[in-house]
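Structural overview
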Amino acid sequence: MSQLRSEPVVSGEPYAVVEVRGAPPSGLDEFGGDTSFLLTLGSHQHEVVGVGTVVDGMALVHEKEGQDGGGKDVRVWQVTNAPGGFVAEHVTR
């Protein structure tokens, strides 16, 4: 993935999912299990590495600390299909 800037994550704002596991997203199943994806919101980019569960037409991904996603939980992302692609929002669970 590209060089990412360190900026705070904005809660409740939909980030566009640019790629999942290094390729454009094609289905919610790609967010299940061990996963990684790149998000954008304006000029801000954020890489998520974590573990996801697909349920009820959405994926809940628990972002983990560290490059390999083996650390403690950082935040939870709710990923849904939207017009033009997939979006992810940081949610409190």
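Scroll up a little and you will see the structure.
Below: a short report on this structure. Remember, predicted model here, so these are calculated numbers, not experimental data.

Observations concerning the overall build of the protein chain
- Secondary structure summary: the protein chain contains zero helices and six strands in total.
- When the helices and strands of the protein chain are placed in sequence order, the string is β-β-β-β-β-β.
- Per-residue burial for the protein chain yields a buried fraction of 37% across its 93 residues.
- Looking at the protein chain alone, contacts between residues at least 24 apart form 36% of all its contacts between residues at least 6 apart.
- Of the roughly 5300 Å² of accessible surface on the protein chain, a fraction of 48% belongs to carbon and sulfur atoms.

Focus: the packing of aromatic side chains
- A full pass over the atoms with the stated rule returns three aromatic pairs.
- With a centroid separation of 5.4 Å and an interplanar angle of 85 degrees, the aromatic rings of Tyr 15 and Trp 77 are classed as edge-to-face. Of this pair, Tyr 15 sits in strand S1 (residues 15-20) while Trp 77 sits in strand S5 (residues 73-82), and the two are 62 residues apart along the sequence.
- A relative accessible area of 0% places Tyr 15 in the buried class.
- The class of Trp 77 is buried, set by a relative accessible area of 0%.
- Measuring from centroid to centroid gives 5.1 Å for Phe 31 and Phe 37, while their planes differ by 80 degrees, and the two rings are edge-to-face. Accessibility assignment for this pair places Phe 31 and Phe 37 in one class, buried.

Section: the pattern of salt bridges
- Counted under the stated rule, the structure contains one salt bridge.
- A salt bridge links Glu 63 to Arg 75, with the shortest nitrogen-to-oxygen separation between them at 2.9 Å. A residue pair is termed long-range when its members are at least 10 positions apart, and Glu 63 in strand S4 (residues 58-64) and Arg 75 in strand S5 qualify at 12 residues.
- Of the residues examined, Glu 63 reaches a relative accessible area of 5% and is grouped as buried.

Concerning the environment of Ser 11
- Looking at where Ser 11 falls in the secondary structure, it is placed in the segment before S1.
- What makes Ser 11 partly exposed here is its relative accessible area of 47%.
- Each C-alpha atom, one on Ser 11 and one on Glu 89, is 6.8 Å from the other, the two residues being 78 residues apart in sequence.
- For Ser 11, the side chain forms a polar contact with the side chain of His 90, separated by 2.6 Å.

Calculation notes
- Residues numbered from 1 in each chain as written.
- Predicted model: local features only at pLDDT ≥ 70, side-chain atom pairs only at ≥ 80, totals over all residues.
- Heavy atoms only, no water.
- Helix = DSSP H or I, 4+ residues; strand = E, 2+ residues; numbered from the N terminus.
- Buried < 20%, exposed > 50% of the residue type's maximum accessible area, 1.4 Å probe, protein only.
- Contact = heavy atoms within 4.5 Å.
- Areas by Shrake-Rupley, 256 points an atom, 1.4 Å probe, with all protein chains shown as cover.
- Phe/Tyr/Trp six-rings, centres within 6.5 Å; stacked < 30°, edge-to-face > 60°.
- Salt bridge = Lys/Arg side-chain N within 4 Å of Asp/Glu carboxyl O.
- Polar contact = N/O pair within 3.5 Å; in protein donor to acceptor, adjacent residues only side chain to side chain.

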